[in-house]
Amino acid sequence: MLFTERKFDKTGRECSLFGAFPSDLTVRFVLEADSEISDVRLVIHNDGMTASSAFLTYEMKRESGAVFSCEIDFSSLLADCHLRGEGLFYYHYNADGVILGGEKPTELEVLENYQGERQLFLHEPDYRTSRAFRDGIVYHIFVDRFCRSGKSPVKSYAVLDENWDGGCPPFAEKPGDALDNNTFFGGDLWGIVEKLDYIASLGTKTIYLSPIFDAHTNHKYDTGDYTKVDTMFGGDAALIELCRAAKARGIDVILDGVFNHTGDDSVYFNRHGRYPTLGAYQSQSSPFYEWYKFREYPDSYECWWGVDILPRVDSTNESYRSFICDGVVRKWMDAGVSGWRLDVVDEISDEFLDDFRASVKRSNPDGVIIGEVWEDATNKISYGARRGYFTHGELDSVMNYPLRNGVISFIRDGECDILRLATETLYRRYPKQSSDNLLNFLGTHDTERIITVLGGESGDGKTNAELAAAKMTADEKSAAVRKLKLAYSLICGLPGVPCVFYGDEVGLEGYGDPFCRRPFPWNDMNGELLEHYRKLGNIRKNNAVFRDGTFRILELTPEHFIYERLPWNNEGERTVVAVVREGTLNVRFSSSVTELITGVCGVEFELSAGESAYLRCEKEMEIYFD
């Protein structure tokens with residue numbers, strides 16, 4: 001027997017693809033079976049981690065034949081569960097004793113022992129996310145490795161590697177060993193200013209910078225002073241000029257906010273006494289002492305993942321929250337910054353995130369806040385508590401690691417289930433405005449380079465010396481470029497914002513940190529790949545359906561993935577995206593359409609393995625696949 005679920009709001013608008021709603025909405029749940037049934041009940045219970053469990057049963061009334069429905073007033077649901085404003089719920093149907101649920105968009109599955117209930121996510125009615133952030137791609141830059149202007153001085157303790165084109169970042173004997181990270185290649189913010197036209201050519205709307213504040217290391221996740229841009233990156237003046245020059249090209253700049261920990265070599269902790277101020281490590285009378293948690297003063301303290309050069313900050317501390325949210329955020333947003341990516345956001349307190357969001361939105365109501373979350377953010381548990389990233393409106397959205405995993409598993413291995421979960425299931429669970437702002441990427445400073453993942457040998461079991469020397473053959477690189485073009489075609493049209501890690505668009509290779517952080521290969525760019533990124537980035541930027549349109553999978557097999565984006569207002573044209581891994585795919589339409597990549601018009605398109613297409617067509621047009 002086949003069971004399906006559909007949902008409608010009070011205006012009659014269908015919202016079946018979604019499972020996240022404003023908490024003041026009333027939604028009609030409709031269950032339909034393909035044969036006769038007599039009794040249907042909808043059972044909803046709240047998340048037991050946020051309040052004591054309450055189970056509510058709603059009797060569904062027969063509309064006609066095997067169609068049953070009931071209306072749920074979410075404000076009443078919250079009140080019945082003694083919750084205010086928002087909440088995470090799970091539900092199932094009981095149809096003549098058969099328990100139904102699952103996370104498919106509309107088709108229901110029979111559950112065993114109630115495992116696999118559907119998720120219902122209610123957020124505050126006034127939850128809004130950035131709209132400007134969706135207007136084009138994000139270009140992610142690890143500042144020291146993008147472009148060297150030669151304008152920034154080298155600090156006395158730093159080692160400058162002059163070999164930009166052939167240099168390799170220093171590495172420890174084996175992964176995980178300590179490394180000083182004081183070798184620089186000289187990339188700076190002035191260098192980024194010089195390359196803004198190149199960045200804009202990719203369809204870029206936002207530049208996302210790795211940390212730029214004063215710090216000892218090249219990566220600067222060990223903040224030394226939140227109030228100063230590192231002089232090796234050009235200082236405050238370079239950031240101000242970058243924001244100004246980027247804005248002139250319609251590009252925003254967002255910063256990496258590292259607020260869970262500082263460096264031990266910082267003005268606040270000052271373990272090595274390099275700063276003139278009295279740090280927490282030096283004296284319990286320091287104004288920064290209460291920011292940290294010492295187990296045994298001064299040498300035993302909480303730090304990030306046990307790394308003693310990164311003492312952890314107590315983000316519940318009022319003095320610290322005020323310093324960051326009232327001072328640091330305001331200073332840099334006044335300087336031209338448009339938003340933030342928050343490092344290890346699952347280790348930062350809700351109190352801090354509430355204050356941080358309020359400060360950002362005061363400075364720029366459309367400013368964006370993206371959190372580093374590696375899992376499904378709607379049901380994320382951190383330190384034994386369910387996080388309220390969206391229920392409480394703390395974040396605009398998060399980094400989309402599940403999608404990266406799904407794309408790699410599909411493109412490389414033909415695996416469909418992980419990609420399906422990372423698309424239609426995730427988009428069902430997230431508030432739509434959060435889905436529209438998801439940071440969709442194939443690689444970051446924390447991952448292997450995507451072209452290496454798709455075409456290189458596995459790095460498992462290899463020494464760092466072997467990983468440093470590894471390089472794909474010409475044939476391996478050619479095959480990897482083909483796969484990477486497919487992968488970027490896949491993510492560029494999905495809900496969320498495509499994010500390109502500097503160098504991916506020209507085929508930069510590398511295993512995990514530090515090999516994924518090599519200098520940008522300005523003298524060895526793969527032109528075929530770059531042209532593909534440019535075409536797709538500008539298609540993404542210039543077609544509004546990708547900013548807030550709905551998403552539906554048309555077909556997903558190990559050979560190909562076909563999905564459509566429909567306008568949110570139900571007006572205008574839709575776009576069908578087809579990506580072919582293997583074999584040949586024929587796509588036929590009931591009348592002529594336009595292929596956005598090539599500009600070719602026609603009724604039928606044949607795609608071979610390694611090809612993709614963005615097809616613009618009328619909303620009600622019939623489509624056939626062979």
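Our subject is the structure listed above.
Given the structure is predicted, the values throughout are model-derived calculations rather than measurements.

Undergrad: Please set out the overall build of the protein residue by residue, giving values where relevant.
TA: Across its full length, the protein carries 14 helices and 34 strands. The globule rule puts the C-alpha radius of gyration for 626 residues at 25 Å, and the 26 Å found for the protein is close to it. Overall, the C-alpha framework of the protein stretches about 80 × 55 × 50 Å when taken along its three principal axes. Considering the protein as a whole, with its 626 residues, one finds that 60% of them fall into the buried category. When contacts within the protein are restricted to residue pairs at least 6 apart in sequence, long-range pairs at least 24 apart make up 70% of them. When the accessible surface of the protein is totalled, it reaches about 24100 Å², and 47% of it is carbon and sulfur. Averaging the positions of the 68 positive and the 100 negative side-chain charges in the protein gives two centres separated by 4 Å.

Undergrad: How would you summarise the environment of aspartate 135 if you had to cite specific residues and measurements?
TA: Mapped onto the secondary structure, aspartate 135 falls in the loop between strand E11 (118-123) and strand E12 (137-141). Measuring from C-alpha to C-alpha, the distance between aspartate 135 and arginine 547 comes to 6.4 Å, with 412 residues separating the pair along the chain. When sequence neighbours within four positions are dropped, the list of residues in contact with aspartate 135 reads Lys205, Arg540, Lys541 and Arg547.

Undergrad: Mind laying out a nonpolar patch on the surface, listing which residues take part and the relevant values?
TA: Together, Trp305, Val307 and Ile309 make up an exposed nonpolar region whose accessible area comes to about 330 Å². Here isoleucine 309 lies in the loop between strand E20 (300-301) and helix H5 (318-334). A residue is classified by how much of its surface remains accessible, and isoleucine 309, at 39% relative accessible area, is partly exposed.

Undergrad: Tell me about the packing of aromatic side chains, and name the residues and values.
TA: Counting across every chain of the model gives 49 aromatic pairs. Taking the centre distance of 5.2 Å and the plane angle of 90° together, the rings of tyrosine 268 and phenylalanine 288 count as edge-to-face. Here tyrosine 268 is found in the loop between strand E18 (252-257) and strand E19 (294-296), whereas its partner phenylalanine 288 is found in the loop between E18 and E19, with 20 residues between them in sequence. The burial state of tyrosine 268 is the same as that of phenylalanine 288; both residues are buried. Of the aromatic side chains, those joined through ring pairs into one cluster are Phe213, Tyr226, Phe259, Tyr268, Phe288, Trp291, Tyr320, Phe323, Trp332, Trp340, Phe352 and Phe356. Lying across the ring of tryptophan 568, arginine 13 places its NZ or CZ 4.1 Å from the centre. One residue, lysine 195, lies across the ring of tryptophan 522, its end atom 4.1 Å from the ring centre.

Undergrad: Describe the sheet that holds strand E26 (residues 439-441), naming the residues involved and giving the relevant values.
TA: The parallel open sheet is built from eight strands, whose spatial order is E25-E22-E21-E18-E15-E12-E27-E26. Of all the strands in the sheet, the pair left with one neighbour each is strand E25 (397-398) and E26. Pairing of strand E21 (residues 339-342) with strand E22 (residues 368-371) involves four bridges; the strand directions are parallel. Each residue of the ladder has a partner; that of arginine 341, found in E22, is isoleucine 370.

Undergrad: Explain the packing of helix H7 (residues 401-413) against helix H12 (residues 474-492) to me, and be specific about the residues and the numbers.
TA: At a minimum axis separation of 10 Å, H7 and H12 run at an interaxial angle of 135°. As summarised for this structure, H7 and H12 are arranged oblique, according to the angle between their axes. Crossing of H7 over H12 shows right-handed handedness. Taken together, the residues of H12 that come into contact with H7 (itself represented by Leu403, Val407, Phe410 and Ile411) are Lys483, Leu486, Ala487, Leu490 and Ile491.

Undergrad: I'd like to hear about the pattern of salt bridges, residue by residue, with values.
TA: Under the counting rule described, the total for this entry stands at 53 salt bridges. The partner of glutamate 241 in a salt bridge is arginine 244, with the nearest N and O atoms 2.7 Å apart. With glutamate 241 and arginine 244 both in helix H4 (residues 235-247) and three residues apart, the pair spans about one turn of that helix. Each of Glu103, Asp376, Arg428 and Arg429 takes part in salt bridges that share partners, so that together they form one network.

Undergrad: Quick one: what's the story with the pairing of E18, residue by residue and with numbers?
TA: The element E18 is largely enclosed, with a buried count of six among its six residues. Bridge count between strand E15 (residues 204-209) and E18: three bridges; the pairing is parallel. Counterpart to threonine 206 in the pairing with E18 is aspartate 252. The sheet contact formed by E18 and E21 spans four bridges and is parallel. Along E21, the bridge assignment pairs leucine 255 with tryptophan 340.

Reading guide: rules and limits
Residues numbered from 1 in each chain as written. Predicted model: local features only at pLDDT ≥ 70, side-chain atom pairs only at ≥ 80, totals over all residues. Heavy atoms only, no water. Helix = DSSP H or I, 4+ residues; strand = E, 2+ residues; numbered from the N terminus. Rg over C-alpha atoms; globule rule 2.2 N^0.38 Å. Buried < 20%, exposed > 50% of the residue type's maximum accessible area, 1.4 Å probe, protein only. Contact = heavy atoms within 4.5 Å. Areas by Shrake-Rupley, 256 points an atom, 1.4 Å probe, with all protein chains shown as cover. Lys, Arg positive; Asp, Glu negative; His and termini not counted. Charge placed at Lys NZ, Arg CZ, Asp CG, Glu CD. Patch = residues over 30% accessible without salt bridge, like charges linked within 9 Å, V, L, I, M, F, W, Y side chains within 5 Å. Salt bridge = Lys/Arg side-chain N within 4 Å of Asp/Glu carboxyl O. Phe/Tyr/Trp six-rings, centres within 6.5 Å; stacked < 30°, edge-to-face > 60°. Lys NZ or Arg CZ within 6 Å of the ring centre and 35° of its normal. Pairing = 2+ DSSP bridges. Axes fitted to C-alpha atoms, helices over the stretch in contact; angles between N-to-C directions. Parallel < 35°, antiparallel > 145°, perpendicular 65-115°, else oblique. Left-handed = near helix turned anticlockwise from the far one by under 90°.

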